[in-house]
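Take a look at the letters that make up each chain.
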Amino acid sequence: MKKIFGKPDALKDNPFHYCPGCGHSIIHRLVAEVIDELGIKDRTIGVPPAGCAVLAYNYFDVDMCEAPHGRAAAVATGMKRILKDRVVFTYQGDGYIAAIGTAETIHAANRGERITAIFVNNAVYGMTGGQMAPTTLLGQETTTSPGGRLPLRDGFPLDLSEMLALAAGSVYIERTSVSNPKGIIRTKKAIRKAFEVQLEDKGFSLVEILSACPTNWKMSPKDAVRWVDETMTKIFPLKVIKDVA
Amino acid sequence: MKGRILIDRERCKGCRLCITVCPKKQIEISPKLNTKGYYPANFLEEDIPDTGKIECTGCALCAITCPDVAIEVYREEKKTSKDDTD
C-alpha cells in the first residue's frame, strides 16, 4: 500500500504540547503542508505569538523569530523589508492580534506589507487560563466574565477581519474553521492562497481560523468543535471577506 | 479501494475527534494507557491480514482531523488500465 498521508516535511518530529482536541496543531500542520507544497521551506520565516502557540518554533522546521507580545506584524514588517525574497508569516491568536497587537496589525495591513498573518480565533485567552478576549461571544462564560459576557459591561465581540478588510493595503482576507474535515480542507486552501498573494508581492493577506479550545471552554473536544460549528460561526460567519488579488 | 491507518499511540492524546469523523466506524479508544497517561485511539482493523476484509477505504478523514498528526494513511494503489489487461 502506498502512503497517502503523513507528517509534512516542514514540521519537526516533536510531539505537540497542546491540549487534546486543540485546533492549534491542526493549523500548524496545514501551514507546514502549504510550505511544503509551495517549496518555500528554505526561505520562510515565521513569527510565533505569545500565547499557547508560543512554542511554535519547536514544531516548524523553518526559521522562526519570536516577537514581543502583540508586535508580530511589526517584527514581520522589518524582516520582510530587509529580506524581500523571504516568505514571512505571523501566527497569532485572537487575544494577541485583536487586543495587544491591534495597532501593529491594522497599520501593517494598511501599509500593504507583503506578509501573511495566520489568525487563530478561539474566543478566549488560552494560555493564561481562559479569560475573556475581545472576540469572546456575548453570553459566553469565561473566568473574567462569570455569568456570561454582557455588552454594556464588557463590550461586543470584535470582528478584526472585517476591520482589516477596510484597510486599502489588505488584499486577501478569509475566515475559515478547523472544526470539521471540510473546514480543514477549506482552511488549507485559504492558507495557500494567502501565501500565494505574498509570493506574488500583492499586499497583506490574513486567514482567520475559528479553532476549538476544549480546555478553557470546559467542553469535550467533540462538543467544542460542535460549538464552533453551531454557535461561533453565527457571530463570525465563514466567508472570503476580501479578495482583490 | 482499501486502506489502512497507522496510529502513533504515543502521539495520540485520545481527543476522539477521529472517531467522530470515521465513516466506517473503525476507530475506537484503546483500553491501554500510553506513556503520557492518555487512552489513545486504536484502529480496529490493524490485525486483519486479508485486505479484502478491511472496511477502511483510506479516505484520510481521520488523519485530516487529527490534531496531533498521529495518523498515517496508506491506500491501495489504483490499478491502471495496463494492470487490468495483464
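Residues numbered from 1 in each chain as written. Chains lettered and ligands numbered in written order. Predicted model: local features only at pLDDT ≥ 70, side-chain atom pairs only at ≥ 80, totals over all residues.

(A) Quick peek at the overall build of chain B. Across its full length, chain B holds three helices and four strands. Written out in order from the N terminus, the α and β elements of chain B read β-α-β-β-α-β-α. In terms of overall dimensions, chain B has a C-alpha envelope of 50 × 25 × 20 Å along the principal axes. Classification of the 86 residues of chain B by burial places 37% in the buried group. (Helix = DSSP H or I, 4+ residues; strand = E, 2+ residues; numbered from the N terminus. Buried ≥ 20, exposed ≤ 12 C-beta atoms within 10 Å, placed from the backbone.)

(B) Region of interest: the interface of chain A and chain B. Contacts between the two partners involve 24 residues from chain A, matched on the other side by 25 residues from chain B. Secondary-structure elements contributing two or more residues to the side of chain A that touches chain B are β1 (2-5), α1 (24-38), α7 (181-199) and α9 (221-235) of chain A. Of the residues forming the side of chain A that touches chain B, the biggest block, four residues, is contributed by β1(A). By residue class, the composition of the side of chain A that touches chain B is 15 nonpolar, four polar and five charged. Relative to strand β4 (residues 71-75) of chain B, β1(A) is paired through three bridges, and the arrangement is antiparallel. For A:Lys2, the partnering residue across the bridge sits in β4(B) and is B:Arg75. (Contact = placed C-beta atoms within 7 Å. Nonpolar A, V, L, I, M, F, W, Y, C, P; charged D, E, K, R; others polar. Pairing = 2+ DSSP bridges.)

(C) Structural detail: α1(A). Residues and elements named next belong to chain A. Here α1 spans 21 Å end to end across 15 residues, near enough to the 21 Å set by a 1.5 Å rise per residue. Those residues of α1 lying buried are His24, Ser25, Ile26, Ile27, His28, Arg29, Leu30, Val31, Ala32, Val34 and Ile35. Packed against the buried residues of α1 are β2 (44-47), β5 (116-121), α7 and β9 (204-210). Positive phi appears at glycine 39, one or two residues downstream of α1, with a value of about 65 degrees. (Expected span 1.5 Å × (residues − 1).)

(D) Focus on the environment of A:Ala99. Residue and element names in this part refer to chain A. With respect to the helices, strands and loops of the structure, alanine 99 is situated in helix α3 (residues 94-100). According to the C-beta neighbour criterion, alanine 99 is partly exposed, with 17 such atoms within 10 Å. Between the C-alpha atoms of alanine 99 and leucine 158, which are 59 residues apart in sequence, the distance is 9.4 Å. Once residues within four sequence positions are removed from consideration, alanine 99 is found in contact with Ala133 and Pro134.

(E) Just the nonpolar core, in detail. Counting residues in hydrophobic clusters, the biggest one holds 95 residues, and the most contacted among them are A:Ile118, A:Ile191, B:Cys62 and B:Ile71. At seven residues, the largest contribution of residues to this core is made by α1(A). Ignoring anything within four residues of it in the chain, the contact list for A:Ile118 reads A:Ile27, A:Val31, A:Phe89, A:Thr90, A:Tyr91, A:Ile191, A:Val207 and A:Ile209. (Core = buried A, V, L, I, M, F, W, Y, C linked by C-beta atoms within 7 Å.)

(F) Layout of the packing of helix α2 (residues 72-82) of chain A against helix α4 (residues 102-110) of chain A. Residues and elements named next belong to chain A. Taken N-terminus to C-terminus, the directions of α2 and α4 make an angle of 40 degrees; their axes are 7 Å apart at the nearest point. Between α2 and α4, the angle falls in the class oblique. Of α4, the residues touching α2 (which contributes Ala73, Ala74 and Thr77) are Glu104, Thr105 and Ala108. When its residues are assigned to classes, the contact of α2 with α4 shows three nonpolar, two polar and one charged. (Axes fitted to C-alpha atoms, helices over the stretch in contact; angles between N-to-C directions. Parallel < 35°, antiparallel > 145°, perpendicular 65-115°, else oblique.)

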